Amino acid sequence: MAVLLEASWLELLKDEFEKPYMVQLREFLKTEKAAGHFIYPNNADIFNAFAKTPFHHLKVVILGQDPYHGAHQAHGLSFSVQKGIAIPPSLKNIYKELTTDIPEFMTPNHGNLSEWAEQGVLLLNATLTVQASMPGSHQKRGWETFTDEVIKTISNKSQGIVFILWGNFAQAKSVLIDEKKHFIIKSPHPSPFSAYNGFFGSKPFSKTNELLLKQGKEPINWQISID
């Protein structure tokens, strides 16, 4: 696992890569690959969320749990899939909510959310790798320790970030966030199992932009380009 971390994040997090948990995580990933297991995303995309959203551009964090475990889906951004791949159910529901939350939003014909990331939306999964066809297979191997540190660093080193926490897993991370300095938007997860229990109608995208505008920040253009 090469550390392909964007410079501003590397400056903040470089000490993490020498800690025992990260050394163990690297050895685990090497062992998995040596055993012939396919791991997603590709090595170059593991830290894609950081590459697309430098620390000094950060405005919003959307926290996911695990990368997609199907071929060619995951590319290092939570909820996002590469172009040409079928849009997953949770992302379909995110787009559905956008159509009611953001005036004139048009549903894209792909699921690549890079345009959000490039505007300052950190699309962070708590676990950054997964074995093919085995959801959750790389949980509790060290990634959560690293991404918890990312959340704490954002909380400590910045101001006025909007954290969008969908579902119980993401909401449990709120203990890492200083709510006196930042904003938290909570709702059920957009998964088909829970979207009708309060995700639909929660308006997280317009609420986020209202919070950004109040701080004098540029709002996010949630419209994804349609190919």
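Predicted model, so just to flag it, every value in this text is computed and none were measured.

## Focus on the overall build of the protein
Right, on to step 1. If you tally the helices and strands in the protein, you get 8 helices and 6 strands.
Right, on to step 2. When the helices and strands of the protein are listed from N to C terminus, the series reads α-α-β-α-β-α-α-β-β-α-β-α-β-α.
Right, on to step 3. Since a compact globule built from 227 residues should have a radius of gyration of about 17 Å, the 17 Å found for the protein is in line with a globular shape.
Right, on to step 4. For the protein, the C-alpha atoms occupy an extent of roughly 50 × 35 × 30 Å along the three principal directions.
Right, on to step 5. Buried residues in the protein amount to 55% of all 227 residues.

## Here's the deal with the sheet that holds strand β3 (residues 121-125)
Right, on to step 1. Taken in spatial order, the 4 strands line up as β3-β2-β5-β6 in an open sheet, and their pairing is parallel. Edge positions in the sheet fall to β3 and β6 (183-187), since each has one partner strand and no second. Within this sheet the neighbouring strands show an average axis-to-axis angle of 20°, counted without direction.
Right, on to step 2. Sheet analysis places strand β5 (residues 162-166) next to β6, joined by 5 bridges and oriented parallel. Note that in β6 the partner of Val162 across the bridge is Phe183.
Right, on to step 3. Each of β2 (60-64), β3 and β5 is contacted by helix α6 (residues 143-157), which is oriented at about 150° to β3, the strand it contacts most.
Right, on to step 4. Where helix α8 (residues 204-214) meets the sheet, its contacts fall on β2, β5 and β6, and the angle it forms with β5 comes to roughly 165°.

## Some details on the layout of surface pockets
Right, on to step 1. Here the largest pocket is characterised by a volume of approximately 420 Å³.
Right, on to step 2. What lines the largest pocket is a set of 22 residues, among which Asp66, Pro67, Tyr68, Ser90 and His189 lie closest to the centre.
Right, on to step 3. Residues that form the lining of the largest pocket fall into these classes: 8 nonpolar, 13 polar and 1 charged.

## Considering the nonpolar core
Right, on to step 1. Counting 66 residues, the largest nonpolar core has Trp9, Phe50, Ile62, Trp116, Phe146 and Ile154 as its most contacted members.
Right, on to step 2. Residues within four places of Phe146 in sequence aside, it is in contact with Leu13, Glu16, Phe17, Tyr21, Met22, Phe47, Phe50 and Leu128.

## Describing the packing of aromatic side chains
Right, on to step 1. Under the definition given, this model contains 18 aromatic pairs.
Right, on to step 2. Ring centres of Trp9 and Phe50 lie 5.1 Å apart, and the angle between their planes is 80°; this geometry places the pair in the edge-to-face category. Of this pair, Trp9 sits in helix α1 (residues 7-13) while Phe50 is found in helix α3 (residues 48-52), placing the two residues 41 residues apart along the sequence. Note on accessibility: Trp9 and Phe50 belong to one class, buried.
Right, on to step 3. Site record: aromatic cluster; members linked through ring pairs are Phe79, Trp116, Trp166, Tyr196, Phe199, Phe200, Phe205 and Trp222.
Right, on to step 4. One residue, Lys96, lies across the ring of Phe200, its end atom 4.9 Å from the ring centre.

## What to know about the pattern of salt bridges
Two side chains of opposite charge can pair, provided their charged atoms sit close to one another.
Right, on to step 1. Scanning the model with the defined rule gives 6 salt bridges in all.
Right, on to step 2. Residues Glu16 and Lys19 are paired through a salt bridge, measuring 2.7 Å at the closest nitrogen-oxygen approach.
Right, on to step 3. Overall, the relative accessible area of 6% leaves Glu16 in the buried class.
Right, on to step 4. Here Lys19 falls in the partly exposed class, since its relative accessible area comes to 35%.
Right, on to step 5. Ionic pairing is found between Lys30 and Glu27, a salt bridge with its closest N-O pair at 3.5 Å. Here Lys30 pairs with Glu27, and both are found in helix α2 (residues 20-34), just 3 residues apart, close to one helical turn.
Right, on to step 6. Judged by relative accessible area, which is 48%, Lys30 ranks as partly exposed.

Cut-offs used in this document
Residues numbered from 1 in each chain as written. Predicted model: local features only at pLDDT ≥ 70, side-chain atom pairs only at ≥ 80, totals over all residues. Heavy atoms only, no water. Helix = DSSP H or I, 4+ residues; strand = E, 2+ residues; numbered from the N terminus. Rg over C-alpha atoms; globule rule 2.2 N^0.38 Å. Buried < 20%, exposed > 50% of the residue type's maximum accessible area, 1.4 Å probe, protein only. Pairing = 2+ DSSP bridges. Axes fitted to C-alpha atoms, helices over the stretch in contact; angles between N-to-C directions. Contact = heavy atoms within 4.5 Å. 1 Å grid on protein atoms, 1.4 Å probe; cavity = no way out; pocket = protein on both sides within 12 Å on 5 of 7 lines; lining within 4 Å. Points joined across faces, edges and corners; volume = space filled by probe spheres on them. Nonpolar A, V, L, I, M, F, W, Y, C, P; charged D, E, K, R; others polar. Core = buried A, V, L, I, M, F, W, Y, C linked by side-chain atoms within 4.5 Å. Phe/Tyr/Trp six-rings, centres within 6.5 Å; stacked < 30°, edge-to-face > 60°. Lys NZ or Arg CZ within 6 Å of the ring centre and 35° of its normal. Salt bridge = Lys/Arg side-chain N within 4 Å of Asp/Glu carboxyl O.

As far as function goes, none of this settles anything; it's purely spatial.
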